[in-house]
Amino acid sequence: MHTLWLVIQREFVSNVLTSRFLIGFIVCLLSTAVAVFVQVDDYEKRLAGYNAAIREAEAEAQNWELYYNINPKAHRKPNPLGIFNVGAENLGANTVTIELAKPVFELTYPILGEPAQKRGADNPLLAMFLTIDVVFIFKIVLSALAILFAFNTISGEREDGTLKLVLSNAIPRDMIVLGKYLGGMLSLFPIVFISLIVALIIALSSRVTAFDGNDISHIVLIFAVSLLYVSTWYLLGLLLSIWTKTPATTLILSMVVWVMLTIVHANMATIVVEKFPPYQSKPEAEYVRSAADVWDQFQKERDTYIKQRGYENLRDSIVWEPGASSERSDRFLTFFSYGIENLYFIEGYILNDIDKADTAIFQEILGYQEPLRITYADKAEAILNKPAEERERNAKFADVLARISFADVYHYAVGTIAGTDRQSYNDFIQDSRAYKREIVEYLKDKAVFSSRAWFSNDQGAADLTALPVFQQRRFSLSESFSRAYIDILILLAWNIVLFMAAYVSFLRYDMS
């Protein structure tokens, strides 16, 4: 162990006393600070927009008097961990409007009445800095720094003759490999740790940023995965240093590999999948037309039921007492709401002189019609979700290709841990759909659809005191780890493979 410690100490000192350590430390620290400053500013703006949207939605809810008026919204709350890894935080919808007879869907082109909407404007600072965050800095800067620390560990000492001297002292080769690895990682550790601490301090300096115990535990896990990622690059540099004869060759080869894995590969995988998607889908307009056909089916089934009850339409199901409005059209007014391509179909009813109307049959038909309308809305939703499902399948295929690079494995792992990955956004959309079903079940339990308060408040306003409230999911540390463990295992496997390759290669290393 004493010999191992001497090798570790020697490697650590030789790294720390170099100008590359100081320059790398300053670059990493400053770039991390700038990135966090920009992301904190963006988080404050997004949080302010979220709070304003919540207040606006609460004010709208105060004006609901009929069950028909129920129109809640599901808001996506900004994730404070997005300061460290933006991911999908600035992508997609922030608000989903819940209407009972309207599907929850997303299309690639804007459409009138689309329920999923983005809130507010983009931050101009982010347009300047792209999506640079702490994880981006670690992914690019720290990986390059690890390469710079490792490229001359063996080939450099071979060139200046110190390696032959070390081997002449009968130090076991496995001790040299392990000591150089641990010494290199020990010199990289303070850079990663201090950069993360500075990022955390800047984030906490904001008046609105607050991290609870669950957030801190996620940040610790991100730190551990970051160290595992840096270790992968250091081991790769160490292996290439063993395989090559001169440090110049090692550095050139290492940087070529670094550029390919950190910059080129993921972008190429995405471009290839976009140009040649493995899962082809029909044009979205065809799905829109198919969804519009669903509403025609609903109308036919609804009208058939009304005729079976002995009426031509809903208007005729109301019995008016003497003294009501003489004009038939003045007694019963229907208003319609249409989307593009008749994408959704909503009917509302206004009854004048309702105190002179017997609405028993009318309410019975509504009790049949409105749940049926919601059922058909779900059918339309299944159709309209197919384009998004196809896009997601292609995106997952691109992710699989990108995971060949451990740089992208690290990116996916941290995004999953932070809850800012694409799947977390998809979970928000799914939770919005589940929220809609929760409201429907609540209304069914209260027999609301056949209630007079569905269309009139003459006998009292609708009781909305127990209306379900949207709850956004938040994962515990164990849940986040279970979602990210495959990527973490891939990084760990890369470390084991690269270390064993370096170990075996150095055991067979020829000094001649």
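Preceding this section is the structure that the text describes.
Sequence positions are assigned chain by chain, starting from 1 and proceeding in written order. For a predicted model such as this one, the threshold for reporting local features is a pLDDT of at least 70, and the threshold for listing and counting side-chain atom pairs is 80 or more; totals across whole chains, interfaces and linings nevertheless cover every residue. In computing side-chain values, all of the structure's heavy atoms are included and hydrogens and water are not.

**Focus: the overall build of the protein chain**
Elements are defined by DSSP. Helices are runs of H or I of four residues or more, strands are runs of E of two residues or more, and each kind is numbered from the N terminus. If you tally the helices and strands in the protein chain, you get 16 helices and seven strands. Computation of the radius of gyration draws on C-alpha atoms, with the globule rule given as 2.2 Å multiplied by the number of residues to the power 0.38. Expected size for 512 residues packed as a compact globule is a radius of gyration near 24 Å; at 31 Å, the protein chain overshoots this value by more than 25%. Each residue is assigned to one of three classes by its accessible area relative to the maximum for its type, calculated with a 1.4 Å probe on protein chains only: buried under 20%, partly exposed between the two thresholds, exposed over 50%. Per-residue burial over the protein chain gives 49% buried out of 512 residues. The contact criterion used is simple: two residues touch if any of their non-hydrogen atoms lie within 4.5 Å. At a minimum sequence separation of 6, the contacts of the protein chain that also span at least 24 residues come to 83%. Areas reported here follow the Shrake-Rupley algorithm with a probe of radius 1.4 Å; residue values treat only the protein chains shown as occluding. Accessible surface computed for the protein chain: about 24,100 Å², of which carbon and sulfur atoms make up 61%.

**What to know about the side chain of E390**
With respect to the secondary-structure elements, E390 resides in helix α13 (residues 386-402). E390 has contacts with Y279, Q280 and S281, leaving out every residue within four places of it along the chain.

**Observations regarding the packing of aromatic side chains**
Note on ring pairs: Phe, Tyr and Trp rings are taken, using the six-membered ring of Trp, and paired if centres are within 6.5 Å. Classes follow the plane angle, with under 30 degrees stacked, over 60 edge-to-face and the rest tilted. Under the defined criterion, the tally for this structure stands at 22 aromatic pairs. An angle of 70 degrees between the planes, with centres 5.3 Å apart, marks the rings of F406 and W494 as edge-to-face. Highlighted residues: F406 in helix α14 (residues 406-418) and W494 in helix α16 (residues 477-507), separated in sequence by 88 residues. Here F406 falls in the buried class, since its relative accessible area comes to 3%. Overall, the relative accessible area of 31% leaves W494 in the partly exposed class. Pairwise contacts between aromatic rings join Y181, Y234, F499 and Y503 into one cluster. Our definition puts a charge over a ring when NZ of Lys or CZ of Arg is within 6 Å of the ring centre and also within 35 degrees of the ring normal. Sitting over the ring of Y287, K282 keeps its end group 4.8 Å from the ring centre. We note R393 situated over the ring of Y279; from NZ or CZ to the ring centre the distance is 3.8 Å.

**A short note on the environment of L91**
For L91, the location among the structural elements is in the loop between β1 (73-75) and β2 (95-97). It is 48 Å that separates the C-alpha atoms of L91 and R331, two residues lying 240 residues apart in sequence.

**Quick word on the side chain of S254**
For S254, the position within the fold is in helix α9 (residues 247-275). Those residues within four positions of S254 in sequence are excluded, and the remaining contacts are I147 and L240.

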